[in-house]
Structure formats: C-alpha cells, structure tokens
Amino acid sequence: ARMQSAFIKIVDLAMVLAVVYHGGYGLFSVGKDYIASRPLQILMTVLVSVVMIWSAWIGLKIIMTI
C-alpha cells in the first residue's frame, strides 16, 4: 500500500532525478578536468547526457510500474 501512494511516487521520482543529475554532473566535471581536447569534451558531454536520459527513463518506468 505504501508504494501505491502518490506522495511516495513523487519522492521516488525526485530521488531518481536527483541521483541521475548528481551522477551525470560528476562525470561531466571529472571529464572536463581530464579531457583537454574541445571536440572530445563535446563528445563526452553528449555521451553523458544520453546515459543520463536513458537512466532517468528506466528509473521512471520502474517507479510507474510499481
């Protein structure tokens, strides 16, 4: 019954989005420190963004199906 509560789903949604953002921003920051080439920085940004969006999508699907 707890997992069916709208409040718990909103809290879970906020946690998923916060974790995905925190992880993606961390990867982006570390990559920016160690990658000197501008084209590689852009590629890294695109790859991290795609993984963040994919991870958020999976998290949202799991939250909505529970």
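In what follows, the structure referred to is the one given above.
Residues numbered from 1 in each chain as written. Predicted model: local features only at pLDDT ≥ 70, side-chain atom pairs only at ≥ 80, totals over all residues. Heavy atoms only, no water.

## Brief notes about the overall build of the protein
Our working rule: The secondary structure listing takes helices from DSSP runs of H or I that are at least 4 residues long and strands from runs of E that are at least 2 residues long, numbered from the N terminus. Think of it in three bands: residues with accessible area under 20% of the maximum for their type are buried, residues over 50% are exposed, and the middle band is partly exposed, with areas taken using a 1.4 Å probe on protein chains only. Residues count as neighbours in contact if any of their non-hydrogen atoms are within 4.5 Å of one another. All accessible areas in this document rest on Shrake-Rupley with a 1.4 Å probe, and a residue is counted as covered only by the protein chains that are shown.
Helix and strand counts for the protein come out as 2 helices and 0 strands. By principal-axis analysis of the C-alpha atoms, the protein measures approximately 50 × 15 × 10 Å. Each of the 66 residues in the protein was classed as buried or not, and the buried ones make up 17%. When contacts within the protein are restricted to residue pairs at least 6 apart in sequence, long-range pairs at least 24 apart make up 58% of them. Summed over its atoms, the accessible surface of the protein is roughly 5100 Å², and 77% of this surface lies on carbon and sulfur atoms.

## What about helix 2 (residues 38-65)?
The criterion, for reference: To estimate how far a helix should extend, the number of its residues minus one is multiplied by 1.5 Å.
Between its first and last C-alpha, helix 2 extends 41 Å over 28 residues, near the 40 Å set by a 1.5 Å rise per residue. Among the residues making up helix 2, those that are buried are Gln41, Met44, Val48, Ala56, Gly59 and Ile63.

## A closer look at helix 1 (residues 6-34)
Quick note on the threshold: Polar contacts here mean pairs of N or O atoms no more than 3.5 Å apart (in protein, one a potential hydrogen donor and the other a potential acceptor; neighbouring residues in sequence count only if both atoms are side-chain atoms).
Compared with the 42 Å implied by 1.5 Å per residue over 29 residues, the 42 Å span of helix 1 between its first and last C-alpha is a close match. Check the buried side of helix 1 and you find it contacts helix 2. One side-chain oxygen at the N-terminal end of helix 1 lies 3.3 Å from the backbone nitrogen of phenylalanine 7; it belongs to serine 5.

## With respect to the side chain of lysine 9
Short version of the rule: Positive charge is attributed to Lys and Arg, negative charge to Asp and Glu, and no charge count is given to His or to the chain ends. Salt bridge, as applied in this entry: a Lys or Arg side-chain nitrogen positioned within 4 Å of an Asp or Glu carboxyl oxygen.
Turning to its location among the elements, lysine 9 is positioned in helix 1. Of the buried charged residues, lysine 9 lacks a salt bridge, with aspartate 12 as the closest side chain of opposite charge at 7.6 Å.

## Some words on the packing of aromatic side chains
Counted only if it meets this: Side-chain rings of Phe, Tyr and Trp (the six-membered ring for Trp) are treated as a pair once their centres are within 6.5 Å; stacked means planes under 30 degrees apart, edge-to-face means over 60, and tilted covers the remaining angles.
Enumeration according to the criterion identifies 2 aromatic pairs in this entry. Relative to tyrosine 25, the ring of tyrosine 21 has its centre 5.8 Å away and its plane inclined at 20°; by these criteria the two rings are stacked. You can see tyrosine 21 and its partner tyrosine 25 sitting in helix 1, 4 residues apart, about one turn around the helix. You can call tyrosine 25 partly exposed: its relative accessible area is 48%. Taking 6.5 Å as the distance between ring centres and 40° as the angle between the ring planes, the aromatic pair formed by tyrosine 25 and phenylalanine 28 counts as tilted. Of this pair, tyrosine 25 and phenylalanine 28 are both found in helix 1, 3 residues apart, which corresponds to roughly one turn of the helix.

## Observations regarding a nonpolar patch on the surface
This is how the line gets drawn: Within the patch definition used here, like charges are joined within 9 Å and nonpolar side chains (Val, Leu, Ile, Met, Phe, Trp, Tyr) within 5 Å, considering only residues with over 30% relative accessible area and no salt bridge.
A cluster of nonpolar residues, Met3, Trp54, Trp57, Ile58, Ile62 and Ile66, forms a patch on the protein surface that exposes about 610 Å² of accessible area. Here tryptophan 57 is to be found in helix 2.

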